[in-house]
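Close look at the chain arrangement
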Amino acid sequence: MSRKQERFLIKTMGIWQIIDGMITIIYYGIFQHGNGMLGFKPSVYPNGYMLVITSFGSLLIALGIINLLFSKRYIKDSQVHWKIGFFLLVESVLSYIVLDVVSAIIGMTATIILMAKNKSLKVK
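Residues numbered from 1 in each chain as written. Predicted model: local features only at pLDDT ≥ 70, side-chain atom pairs only at ≥ 80, totals over all residues. Heavy atoms only, no water.

The helix and strand tally for the chain stands at 4 helices and 2 strands. Element order for the chain, N to C, with α for helix and β for strand: α-β-β-α-α-α. Within the chain, contacts between residues at least 6 apart in sequence are counted, and of these 68% link residues at least 24 apart. Carbon and sulfur atoms make up 73% of the accessible area of the chain, which amounts to about 8,000 Å² in all. (Helix = DSSP H or I, 4+ residues; strand = E, 2+ residues; numbered from the N terminus. Contact = heavy atoms within 4.5 Å. Areas by Shrake-Rupley, 256 points an atom, 1.4 Å probe, with all protein chains shown as cover.)

Spelled out as structure tokens, the structure:
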């Protein structure tokens with residue numbers, strides 16, 4: 001059974017998470033709205049905020065790289081993938097909690113398709 005849809009959805013989710021992590025670090029971490037160059041000025045946060053913002057952005061980038069790795073190397077045709085399915089489910093729920101709606105929708109869709117195909121492969 002082909003896993004082309006799951007690979008595409010997981011790859012799309014990974015690319016989105018990398019872009020989202022870079023936006024988080026660059027836009028929210030380094031710059032804020034102001035009268036500086038191009039309407040931005042360097043952000044000045046109290047102690048600890050910058051660490052939280054860059055850590056969250058780095059976590060998104062790491063999850064995106066993990067998803068790209070899963071889609072490229074570990075999701076093979078005609079194999080059952082329970083651990084990857086549960087990882088995607090947890091990742092989708094966490095994306096929903098932090099209001100990353102795009103990752104939550106793509107992740108839930110990929111999880112449902114992956115688990116449904118797992119069930120049909122296991123029955124055979």
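Right, picking up where we left off after that structure.
Note that soluble globular proteins tend to have their nonpolar side chains buried in a common cluster. Of all hydrophobic cores here, the largest spans 10 residues; its members are Leu9, Ile10, Met13, Phe70, Ile75, Ile84, Leu88, Ile106, Ala110 and Leu114. Going through the elements one at a time, helix H1 (4-30), helix H3 (82-97) and helix H4 (101-123) are the ones with two or more residues in this core. Dropping the residues within four chain positions of it, Phe70 is found in contact with Ile75, Ile84 and Phe87. (Core = buried A, V, L, I, M, F, W, Y, C linked by side-chain atoms within 4.5 Å. Buried < 20%, exposed > 50% of the residue type's maximum accessible area, 1.4 Å probe, protein only.)

Counted according to the given criterion, the structure contains 3 aromatic pairs. An angle of 75 degrees between the planes, with centres 6.1 Å apart, marks the rings of Phe70 and Tyr74 as edge-to-face. Taken together, the positions of Phe70 and Tyr74, both in helix H2 (residues 49-74) and 4 residues apart, correspond to about one turn of that helix. Aromatic pair Phe70 and Phe87: ring centres 5.4 Å apart, planes at 90 degrees, arrangement edge-to-face. (Phe/Tyr/Trp six-rings, centres within 6.5 Å; stacked < 30°, edge-to-face > 60°.)

This part covers H3. The end-to-end C-alpha distance of H3 is 23 Å, a good match for the 22 Å that 16 residues give at a rise of 1.5 Å each. Taken together, the buried positions of H3 are Ile84, Gly85, Leu88, Glu91, Ser92 and Ser95. All buried residues of H3 lie within an arc of 130 degrees about the axis, which places them on one face of the element. Exposed and facing more than 90 degrees away from the buried side of H3 are Lys83 and Ile97. Note on H3: the residue one or two positions beyond its end, Leu99, has a positive phi of about 65 degrees. (Expected span 1.5 Å × (residues − 1). Arc of directions from axis to C-beta.)

Bringing the packing of H2 against H3 into the picture now. The interhelical angle for the contact between H2 and H3, taken along N-to-C directions, is 155 degrees, at an axis separation of 12 Å. Taken together, the axes of H2 and H3 are roughly antiparallel relative to one another. As H2 runs across H3, the sense of the crossing is left-handed. Contacts from Leu63, Ile66, Asn67, Phe70 and Tyr74 in H2 reach Ile84, Phe87, Leu88 and Glu91 in H3. The residue inventory of the contact of H2 with H3, partitioned by class, reads 7 nonpolar, 1 polar and 1 charged. (Axes fitted to C-alpha atoms, helices over the stretch in contact; angles between N-to-C directions. Parallel < 35°, antiparallel > 145°, perpendicular 65-115°, else oblique. Left-handed = near helix turned anticlockwise from the far one by under 90°. Nonpolar A, V, L, I, M, F, W, Y, C, P; charged D, E, K, R; others polar.)

On to the environment of Thr54. Relative to the helices and strands, Thr54 resides in helix H2. Accessibility expressed as a relative area gives 22% for Thr54, which makes it partly exposed. Among the polar contacts listed, one links the side chain of Thr54 to the backbone oxygen of Leu51, at a separation of 3.3 Å. (Polar contact = N/O pair within 3.5 Å; in protein donor to acceptor, adjacent residues only side chain to side chain.)

The next point concerns the packing of H1 against H2. Between H1 and H2, the least distance of the axes is 7 Å, while the angle of their chain directions is 160 degrees. As judged from the angle between their axes, H1 and H2 are roughly antiparallel. Taken as a pair, H1 and H2 cross one another with a handedness that is left-handed. Grouping the amino acids of the contact of H1 with H2 by side-chain chemistry returns 16 nonpolar, 11 polar and 3 charged.

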